[in-house]
Structure formats: structure tokens, C-alpha cells
Protein chains: 2
Amino acid sequence: MLTPASDAHFMAAALALSERGRGRTGGNPNVGCVIVKHGIIVGRGWTQPGGRPHAEQMALAEARASAKGADIYVTMEPCAHESSRGPTCSNAIIAAKPKRVIVATLDADERTRRRGIDRLGDAGIPVSVGILEPAARRTMAGFLCRIEKERPFVSLKLAMSLDGCIAMADGTSQWITGDRARAHAHLERARSDAILVGAGTAKADRPGLDVRIDGLTDRSPQAIVLGHDPELPGDWLQISEPAAIADLADINWLLIEGGAKTAASFLQAGLVDRLLLYRAPIIIGGGLPGVADIGLENLGDAHGQWRRIDQRALRQDVLEIYDRAA
Amino acid sequence: MLTPASDAHFMAAALALSERGRGRTGGNPNVGCVIVKHGIIVGRGWTQPGGRPHAEQMALAEARASAKGADIYVTMEPCAHESSRGPTCSNAIIAAKPKRVIVATLDADERTRRRGIDRLGDAGIPVSVGILEPAARRTMAGFLCRIEKERPFVSLKLAMSLDGCIAMADGTSQWITGDRARAHAHLERARSDAILVGAGTAKADRPGLDVRIDGLTDRSPQAIVLGHDPELPGDWLQISEPAAIADLADINWLLIEGGAKTAASFLQAGLVDRLLLYRAPIIIGGGLPGVADIGLENLGDAHGQWRRIDQRALRQDVLEIYDRAA
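Right, let's walk through the structure included here. (Residues numbered from 1 in each chain as written. Chains lettered and ligands numbered in written order. Predicted model: local features only at pLDDT ≥ 70, side-chain atom pairs only at ≥ 80, totals over all residues. Heavy atoms only, no water.)

A few words now on unusual backbone geometry. Note on backbone geometry: most residues besides glycine have negative phi, and most peptide bonds are trans. Residues and elements named next belong to chain A. The omega torsion of the bond from R52 to P53 falls at -10°, within 30 degrees of zero and hence cis. For K97, which is not glycine, the phi torsion reads 55° and is therefore positive. Within the fold, K97 resides in the loop between helix 3 (89–96) and strand 4 (100–105). Among the residues examined, K97 registers a relative accessible area of 51% and is labelled exposed. Located in the positive-phi region is E150, a residue other than glycine, with phi close to 55°. Residue position: E150 is located in the loop between helix 6 (141–148) and strand 6 (153–160). (Helix = DSSP H or I, 4+ residues; strand = E, 2+ residues; numbered from the N terminus. Buried < 20%, exposed > 50% of the residue type's maximum accessible area, 1.4 Å probe, protein only.)

If you want it as C-alpha cells, here you go:
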């Protein structure tokens with residue numbers, strides 16, 4: 001016996017689609033959309049590379065006439081601001097004559113917030129807002145952070161031993177984690193618009209910050225260095241201090257890959273939103289720590305700042321994800 | 001409807017009882033025993049403080065005449081060697097005329113191994129061996145290690161930040177973990193025969209290595225220092241090198257609480273069987289590492305040595321338990 005799928009089920013499907021756009025939608029949110037008619041998904045869409053077409057337009061193009069009388073699930077309020085690059089999604093939805101529209105979260109941009117759903121409502125289309133909103137805010141955190149905090153959402157990746165070392169005392173770090181964990185770290189690269197390392201790490205490792213996963217090599221993100229290194233390839237961006245990430249255009253998701261001083265400077269500046277801790281079941285002993293001095297004066301001040309939101313086994317290793325406690 | 005309990009269910013109950021003896025049975029194994037008649041537990045026992053009475057004798061005393069025709073579950077083969085301190089458990093069981101005896105694991109001591117079950121068999125009592133044996137070997141690992149490796153089972157405790165620090169750069173470590181984790185660490189003390197710290201830690205902290213849990217304060221273990229400190233109280237034992245733990249009499253379970261050099265010296269000597277990692281969701285940055293140089297020359301050599309066997313949340317903190325990979 002089949003249980004009818006609920007609004008939350010279909011919104012979860014839209015959120016899964018929205019993940020596909022992560023790290024490649026430029027300044028746009030990575031939205032997902034599904035269109036459901038008589039319990040069957042007749043259209044699916046997600047924000048395409050560079051930001052267009054939008055998720056709703058892709059899903060409407062797939063659903064065609066079936067969108068009439070259907071339920072449209074979209075992870076963020078459809079856009080209502082005119083653009084030279086195409087019609088607004090709210091107008092496109094109105095033209096398709098759906099039965100109702102279900103929205104996970106409103107647009108964060110105060111200039112456009114509520115305009116999309118107001119336009120739908122004015123056209124007589126019932127709109128529900130707030131289903132799976134916390135999950136939607138996590139999935140589109142890059143865009144939301146850029147609007148709300150005027151900077152990218154910053155994840156700090158550390159690949160560590162059980163005793164918290166990211167390398168042996170002589171700098172050797174190949175390899176601490178295993179194949180599966182390293183592949184996952186490459187996936188995180190693919191889900192980022194840009195990757196940042198410190199000048200020391202860039203000089204020492206000349207890291208190829210590309211995505212080495214078959215089928216995803218074209219998703220290699222923008223490389224950024226904190227500090228200055230005249231010998232770096234010309235396609236690298238260089239910034240002089242952590243706060244300068246606010247000036248990065250069209251970067252929603254920024255991944256910091258080290259080293260210890262760079263990690264510390266972003267942490268000290270309060271500019272890290274997420275920790276990605278890849279931990280291998282090894283003891284190094286007397287190795288290099290992952291985070292240099294962050295200026296902590298009282299141990300008590302360190303508490304209450306991080307909350308574990310996910311954990312998974314990656315063969316023998318473990319990935320733990322901590323987000324800033326609200 | 002009740003499903004009849006299986007042999008594994010009753011053996012699990014016996015293992016739970018065996019845990020009660022951990023850290024207080026001297027040179028004896030911490031055995032557990034349940035006696036089951038018509039599906040009902042009529043006797044329960046576990047090795048008593050100091051090692052006597054044995055688990056079987058305690059359970060038989062509770063079951064009295066009900067032991068006749070009953071099933072006796074015992075986590076380790078009943079003893080068969082005569083002692084001035086009481087009758088052998090195998091003889092006591094034979095006298096009780098049970099229907100059968102179920103044993104999780106044989107005695108590790110080659111001098112007595114199989115003698116207990118052979119004696120029961122000779123008396124016409126059917127014996128099953130091997131039910132929940134891996135769990136039994138974990139529960140009684142202290143005794144088994146002492147027999148098989150001629151030294152205590154050694155656990156290394158580290159209370160760390162996410163970036164692997166056990167203190168701030170100035171040595172401050174109160175507190176990294178929260179109340180719940182610290183209470184659990186005290187429980188681990190109660191489950192140990194002895195606690196060991198380095199001379200530096202003993203001098204710096206003058207740690208009171210007691211069990212500060214209401215109702216368990218009488219279970220405070222023997223304190224041992226690695227190195228020499230003439231100012232320590234007279235009831236502390238002092239050893240000069242990790243290998244000297246082989247000479248500790250009647251210590252099955254040894255807990256190492258630091259510092260970083262002591263941890264490293266035991267790890268380097270291959271004398272750590274278990275890691276107890278209490279991890280708090282904080283970043284310290286530039287703090288003190290938990291493990292000093294262990295003489296690792298190739299990163300590859302660090303792999304394959306540890307296996308995560310358990311993990312639990314302790315309010316905001318996490319306890320991870322790693323055992324040596326076989």
C-alpha cells in the first residue's frame with residue numbers, strides 16, 4: 001500500500017535538486033523546484049550554472065501544459081524583479097495556472113522579499129510558506145549568508161589524526177585520510193564557488209585546487225590565496241585579509257583548506273560558519289596542529305559556539321560537520 | 001505476547017553483571033553469572049571486590065535449591081583450581097545439579113584452561129562455549145590482557161577540543177569538556193584498578209585521582225606516577241618506564257590520564273589498548289597537543305592500528321572509543 005506523499009516529501013525532493021546547483025550559480029541562490037500533478041512529479045528544475053535558467057523555469061519547461069492545476073514546490077520564493085536575462089519566475093508561474101505554490105523560505109533580500117509570493121497571491125494562487133524552512137536555509141546557506149552577512153558562507157576543512165594533527169612535524173600530510181574521505185573532500189570542492197588557502201600553503205604545496213572526480217572536473221572552483229605570491233598562476237585571486245571576502249563577487253560558498261595560520265585568522269575574525277572535520281583513526285604524535293593561535297584569552301569564551309549538525313563514516317575515517325551555534 | 005529469551009539474552013544479562021566488578025576484582029576476572037529456571041532468573045552474581053566470592057558462588061547462593069535443573073550462564077569458564085579461599089566453582093556447580101552450563105569464553109590461563117568445562121562434562125553436565133564470546137572478551141579484557149600479554153589492559157584518556165588541544169597554551173584546561181563528560185570520565189576511573197599520570201602532570205596539577213561521584217567515592221583506584229616525585233603522597237606507586245606496568249600486581253585495568261609525554265611514551269611502547277577521546281565542540285587554537293612525539297617516521301605506519309568501537313554523545317560533548325585493531 002502506498003501512502004500519499006506529503007508536502008514535506010515533495011519539498012525534500014526540491015531540496016535535493018537545489019543541492020545540484022551548489023557552487024555554480026554565481027550570485028544566485030541554488031533553488032530547487034518540483035511540479036506535482038495528481039501525486040506525480042511532472043517537472044523538475046534547479047538553478048542552472050551561472051544562475052540561469054532559474055529552477056522554476058526549468059521545471060515549467062519540463063511540465064509544459066501539465067503545470068495547469070498542479071502543485072509547485074520551490075525551495076525559495078519565486079523571483080519578482082524584472083531582469084534583462086528573462087521573465088520573472090512569479091510571472092511565469094502565474095501564466096502556468098497552478099493550483100497552489102509551496103515555498104520553503106522567503107527571499108532574504110529585503111528589496112525583493114515577499115514580492116514574489118505577494119504577486120502570486122494577487123493573481124489568486126494560494127501560497128504556503130515555511131515547509132522544511134530550516135533545511136532550506138542550510139541548503140541555500142551560501143546565498144542567504146551573502147545577503148544577510150554580506151559575505152560568502154565559509155567552511156573550514158581540516159583533515160586530522162585522532163590527536164588533532166594535520167601533518168607530521170616535517171610537514172608530511174600525504175595521506176592522513178583515506179581514498180573515500182579525500183573523494184568526499186573533492187565533492188565539497190565541487191560544491192564550492194571558491195577555495196582559499198594561505199600564501200604559505202600555496203607556496204609550499206602549489207596545490208592544484210581542482211576537483212579530481214571523474215565527471216566533475218569541469219566544476220573546479222575559483223582559487224584564492226590569502227596573502228601575496230607573485231609566482232601563482234594568473235587565474236588565482238589574491239586577498240590581503242579575511243574581511244576582504246566581502247568584496248568577492250558572485251561567491252556564495254567559500255571553502256578554506258588551510259594552513260593553520262589561515263584557519264586561525266578566519267576563526268579569529270569570526271568568519272567561519274562551518275567546520276568540516278575529516279578524522280582518520282591514526283595517532284601522529286607531536287605533529288602540526290590544524291589551527292594556530294586565535295587569540296583566545298579565556299577557555300570559557302570558546303564554549304557555545306559550535307554545534308554538530310552531521311556525521312558520517314567514510315570507510316575507516318569519519319566526517320564531522322559543525323555549524324556555528326545560532 | 002512474550003518471545004522466549006534466548007541464550008544470548010541471558011548471557012548479555014550475565015555480561016552486564018560482570019561489568020559491575022570492573023576495576024575491583026584484583027587479579028581475578030570480573031565474571032558475571034545468571035541462573036535461569038523455567039525462563040526466570042533465579043540467581044545473579046558477579047565477582048566481588050577483591051575477587052571473592054566468585055560470580056557463580058554468589059548466584060548459586062541466591063538460587064539455592066532452584067539451581068537444580070536450571071541453566072547456568074557464566075561469562076567465563078568456572079574455575080577448577082583448588083584454593084585455600086574456597087571451593088572451586090566447577091565443583092559447586094556440579095553439586096547444584098543444573099541442567100546445563102553456558103559459557104561465553106574459556107579461561108585464558110593455559111594452566112587452567114578447559115579444566116573447568118572438562119570437569120563439568122565429566123560430571124555429565126552439558127556445556128556450551130562461545131556465546132557472545134567477543135563481547136565477553138571486551139568486558140573482561142583487563143584480566144585476559146594480563147594473562148595473554150602479561151600486563152594490564154591500558155586505556156588512554158584525552159579530553160580535547162575539536163582542534164586536538166588538551167589545554168590552552170598557558171596550560172589552562174579547566175574546563176574543556178562539560179559536566180556530563182567529566183562525570184563519565186570519573187566513571188571510567190571507578191572501572192579502573194589504577195590510574196597513571198606523568199611526573200610533570202602530577203607535579204603541576206597534584207591531581208586528586210579519586211572518583212568524585214556520589215556513591216562511588218570508595219571505588220577510587222590506585223594512583224601511579226610515571227617518573228619520580230618525592231613530594232607525592234606515600235600511597236602513590238612510582239614506576240620508571242612504561243614497561244614496568246608488567247610488574248604491577250593485581251591490576252587488570254589501567255587508565256592513563258596524561259600528560260602528552262606520558263601518553264606518547266606508552267603509545268610509542270605499544271602499550272595502549274584503548275583510546276577514550278572526550279571531545280568538546282570548541283576551538284582553542286595554538287593550544288597544547290594531547291600526544292607528544294611518538295617517533296613516527298612514516299605516515300603510512302600510523303594506519304591500520306585503531307578501530308572505532310563505540311561513540312556516544314555526552315550532552316554537547318562526544319566520547320569516542322577506539323581499540324587497537326587486531
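Strand pairing within a sheet occurs via backbone hydrogen bonds; the two strands may be parallel or antiparallel. Residue and element names in this part refer to chain B. If you trace the five strands from one edge of the open sheet to the other, you get 2-1-3-4-5, paired in mixed fashion. Edge positions in the open sheet fall to strand 2 (40–46) and strand 5 (127–129), since each of these has one partner strand only. Pairs of neighbouring strands in the sheet enclose a mean axial angle of 15°, with direction left out of account. Strand direction decides the pairing type here: strand 1 (residues 32–37) and strand 3 (residues 71–76), joined by four bridges, are antiparallel. Note on strand 3: the bridge partner recorded for V34 is Y73. Against the sheet, helix 1 (residues 7–20) contacts strand 1, strand 2, strand 3 and strand 4 (100–105), and its axis sits at roughly 145° relative to strand 1. (Pairing = 2+ DSSP bridges. Axes fitted to C-alpha atoms, helices over the stretch in contact; angles between N-to-C directions. Contact = heavy atoms within 4.5 Å.)

Scanning all chains against the criterion turns up four aromatic pairs over all chains. Ring centres of A:F153 and A:W253 lie 5.4 Å apart, and the angle between their planes is 65°; on these two criteria the pair is classed as edge-to-face. On the criterion of sequence distance, the pair formed by A:F153 in strand 6 and A:W253 in strand 11 (residues 253–256) is long-range, its members being 100 residues apart. Assigned by exposure class, A:F153 and A:W253 land together as buried. Its guanidinium or amino end placed over the ring of A:W253, A:R22 lies 3.6 Å from that ring's centre, counting from NZ or CZ. Cation over ring: B:R20 sits above B:W46, and NZ or CZ is 4.5 Å from the ring centre. (Phe/Tyr/Trp six-rings, centres within 6.5 Å; stacked < 30°, edge-to-face > 60°. Lys NZ or Arg CZ within 6 Å of the ring centre and 35° of its normal.)

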